[in-house]
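# Descriptive analysis of the structure
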Protein chains: 2
Amino acid sequence: MPGHIVTSYDTDLENLRRSISEMGGIAEKMTGEATQALVRQDGVLAQAVIAADKRLDTLQRDIEERSVLLIARRQPMAVDLRETISAIRVSGDLERIGDLAKNVAKRVMAIADHAPAQKIVLGVRHMSDLAEGQLKDVLDAYASRDTKAAQDVWNRDGEIDALYNSLFRELLTYMMEDPRNISFCTHLLFCAKNVERIGDHTTNIAETIHYLATGENFVGDRPKNDASNYATVEPGA
Amino acid sequence: MPGHIVTSYDTDLENLRRSISEMGGIAEKMTGEATQALVRQDGVLAQAVIAADKRLDTLQRDIEERSVLLIARRQPMAVDLRETISAIRVSGDLERIGDLAKNVAKRVMAIADHAPAQKIVLGVRHMSDLAEGQLKDVLDAYASRDTKAAQDVWNRDGEIDALYNSLFRELLTYMMEDPRNISFCTHLLFCAKNVERIGDHTTNIAETIHYLATGENFVGDRPKNDASNYATVEPGA
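Owing to the predicted nature of the structure, the values given are computational and were not obtained by experimental measurement.

## Focus: the overall build of chain A
- When you go through chain A residue by residue, the secondary structure sums to six helices and zero strands.
- Along chain A, from the amino end to the carboxyl end, the secondary structure elements read α-α-α-α-α-α.
- The contacts of chain A with a sequence gap of at least 6 include a subset with a gap of at least 24, amounting to 85%.
- When the accessible surface of chain A is summed, it comes to about 9600 Å², and 52% of that surface belongs to carbon and sulfur atoms.

Next comes the structure, spelled out in structure tokens:
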């Protein structure tokens, strides 16, 4: 049997895909706008990002329940079953990406009173641009079931991590130079960490695409460069 | 019909519960031991925590796939369907808790060369003790389907957040006093944030217990005290 009989089951699957695509669009927009708000010190935009997260949460719960109901009612097998498992996984990652972008947006207020070190904020934006591009690519790969493109995204996560590590050291050095930098640099440190984790969730989605295509969970160590967990910087060094 | 006919379906459900219980035990142990490693500067214990995370990841994938297969094969309805959705959700939260504990353990090395401010490390441990207790309570509530106990856990998440906020300010003040404190205080800041997020995932599990019992997703704002996203501290203040 080349495929299942075309029924409302296909419509259900198509609707799931559409909801994931909506979630992806929102998560991508939130990621970009949170950093934009940071660069421009734009409190109104930050509030918009915070507000957008509610829709993501609702969509995620909705996708989860619809996926499970679909499985219960239609008893899909093999690739169709993986479709629904993948929908649950991807929506979970997109929901987490929204949380992380929202947290960046919340910190816009905390650094608003400080003349920010524009160079460092731009470092965060550079990371965020990379993360947003990766997220866009992985969502395209998911929509077109392109495992090659997913693998490319997976390979590139190390770039975001490397940027984060250098930003981590830079921020610590900056704090050491002047205690008045400590407060807002701490918030920028968390912003950078959030963007790094957006990259991790994007990598998760790439792995889900592999699972969707092959039925195998991805094995192999990620190209992680998470040296910042071990990094220390000395004053005057 | 008071319940479904007793079949291997019950065995499957029971096995799912057992796997979740195993995950819960590992996550709880990792949370406690990561902070212990931090307090004692114990690199060997930290490595053990890092190693334990692999088992959690495997169990989570396993629970996710078994839940979905169970749904596909048995077509459970109503509360039985919620059982499996809940298993997917809870295992996701426990896997994240493991990641967060692992990240705390990784940072043990970064602060190992510094004579740590014992008072602040103890502040992190105090938070972690609270988080571990909450996690234990919510796992008990999940095992016994006790919505009242779950609600209690949910109500208490604000305590962990409040501790985190005061620790956040304390750490920033400490950094401002002496630039030699900046590096390891930054790592402790991330440790504290990780523990705060372990509390959030525990709260998620409490909400899943509510969903499992009632079929309704929890509505109502969490008793969040996440003021640290907005907090700033001035030198000499």
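## Structural notes on the nonpolar core
- Among the nonpolar cores identified, the biggest contains 133 residues, and Leu94(A), Leu188(A), Leu94(B) and Leu188(B) are the most heavily contacted of them.
- Core analysis: the next-biggest nonpolar cluster, separate from the first, contains 14 residues, Ile71(A), Ile85(A), Val68(B) and Tyr211(B) among them.

## Some thoughts on helix α2 (residues 43-74) of chain B
Residues and elements named next belong to chain B.
- Between its terminal C-alpha atoms α2 stretches 47 Å, which fits the 46 Å expected from 32 residues at 1.5 Å a residue.
- A distance of 3.1 Å separates the backbone nitrogen of Val-44 from a side-chain oxygen at the start of α2, and that oxygen is part of Asp-42.
- Backbone geometry just downstream of α2 places Gln-75 in the positive-phi region, at approximately 45°.

## Remarks on the relation of the copies chain B and chain A
- Mapping chain B onto chain A calls for a rotation angle of 180° and an axial translation of 0.0 Å; the resulting RMSD is 0.0 Å. Considering both components of the superposition, the chain copies are consistent with a two-fold axis. Across chain B, the rotation axis passes nearest the C-alpha of Ala72(B), at a separation of 2.8 Å.
- Mapped onto chain A, 100% of the interface residues of chain B again fall at the interface, so both copies present the same surface.

## Remarks on the side chain of Thr208(B)
- You can see Thr208(B) is positioned in helix α6 (residues 182-214).
- Setting aside residues no more than four positions away along its own chain, Thr208(B) makes contact with Ser86(B), Arg89(B) and Val90(B).

## Quick word on the packing of aromatic side chains
- Summed over the entire model, instances satisfying the criterion amount to four aromatic pairs over all chains.
- Consider the rings of Phe190(A) and Phe190(B), whose centres lie 4.9 Å apart with planes at 55°: the pair is tilted. Note that Phe190(A) is positioned in helix α6 (residues 182-214) and Phe190(B) in helix α6, a pairing that runs across two chains. Accessibility classification places Phe190(A) together with Phe190(B) in one group, the buried group.

## Re the pattern of salt bridges
- The tally for this structure, following the rule as stated, stands at 34 salt bridges over all chains.
- A salt bridge links Arg89(A) to Glu65(B); its shortest N-O distance comes to 3.9 Å. With Arg89(A) in helix α3 (residues 78-110) and Glu65(B) in helix α2, this pair bridges two chains.
- Since its relative accessible area comes to 6%, Arg89(A) is described here as buried.
- Judged by its relative accessible area of 25%, Glu65(B) is partly exposed.
- Asp137(B) serves as the salt-bridge partner of Arg156(B), at 3.0 Å between the closest nitrogen and oxygen. In this pair, Arg156(B) sits in helix α5 (residues 147-177) while Asp137(B) sits in helix α4 (residues 118-143), placing the two residues 19 residues apart along the sequence.
- One connected set of salt bridges, linked through shared partners, spans Glu14(A), Arg17(A), Arg18(A), Glu83(A) and Arg145(A).

## Quick look at the packing of helix α4 (residues 118-144) of chain A against α6(A)
Residues and elements named next belong to chain A.
- Between α4 and α6, the shortest axis-to-axis distance is 9 Å and the interhelical angle comes to 15°. Classed by the angle they form, the pair α4 and α6 counts as roughly parallel. Relative to α6, the crossing made by α4 is left-handed. Along the contact surface, α4 presents Ile-120, Val-121, Val-124, Met-127, Ser-128, Ala-131, Gln-134, Leu-135, Val-138, Ala-141 and Tyr-142, while α6 presents Leu-188, Cys-191, Ala-192, Val-195, Glu-196, Ile-198, Thr-202, Ile-205, Ala-206, Ile-209 and Leu-212.
- Among the residues making up the contact of α4 with α6, the classes are represented as 18 nonpolar, three polar and one charged.

## Some points on the packing of helix α5 (residues 147-177) of chain A against α6(A)
All names here are of chain A.
- One can describe the packing of α5 onto α6 by two numbers: an axis separation of 9 Å at closest approach and a directional angle of 165°. Between α5 and α6, the interaxial angle falls into the category roughly antiparallel. In this structure, α5 crosses over α6, and the sense of that crossing is left-handed.

Procedures and definitions
Residues numbered from 1 in each chain as written. Chains lettered and ligands numbered in written order. Predicted model: local features only at pLDDT ≥ 70, side-chain atom pairs only at ≥ 80, totals over all residues. Heavy atoms only, no water. Helix = DSSP H or I, 4+ residues; strand = E, 2+ residues; numbered from the N terminus. Contact = heavy atoms within 4.5 Å. Areas by Shrake-Rupley, 256 points an atom, 1.4 Å probe, with all protein chains shown as cover. Core = buried A, V, L, I, M, F, W, Y, C linked by side-chain atoms within 4.5 Å. Buried < 20%, exposed > 50% of the residue type's maximum accessible area, 1.4 Å probe, protein only. Expected span 1.5 Å × (residues − 1). Polar contact = N/O pair within 3.5 Å; in protein donor to acceptor, adjacent residues only side chain to side chain. Least-squares fit on C-alpha atoms with pLDDT ≥ 70 in both. Phe/Tyr/Trp six-rings, centres within 6.5 Å; stacked < 30°, edge-to-face > 60°. Salt bridge = Lys/Arg side-chain N within 4 Å of Asp/Glu carboxyl O. Axes fitted to C-alpha atoms, helices over the stretch in contact; angles between N-to-C directions. Parallel < 35°, antiparallel > 145°, perpendicular 65-115°, else oblique. Left-handed = near helix turned anticlockwise from the far one by under 90°. Nonpolar A, V, L, I, M, F, W, Y, C, P; charged D, E, K, R; others polar.

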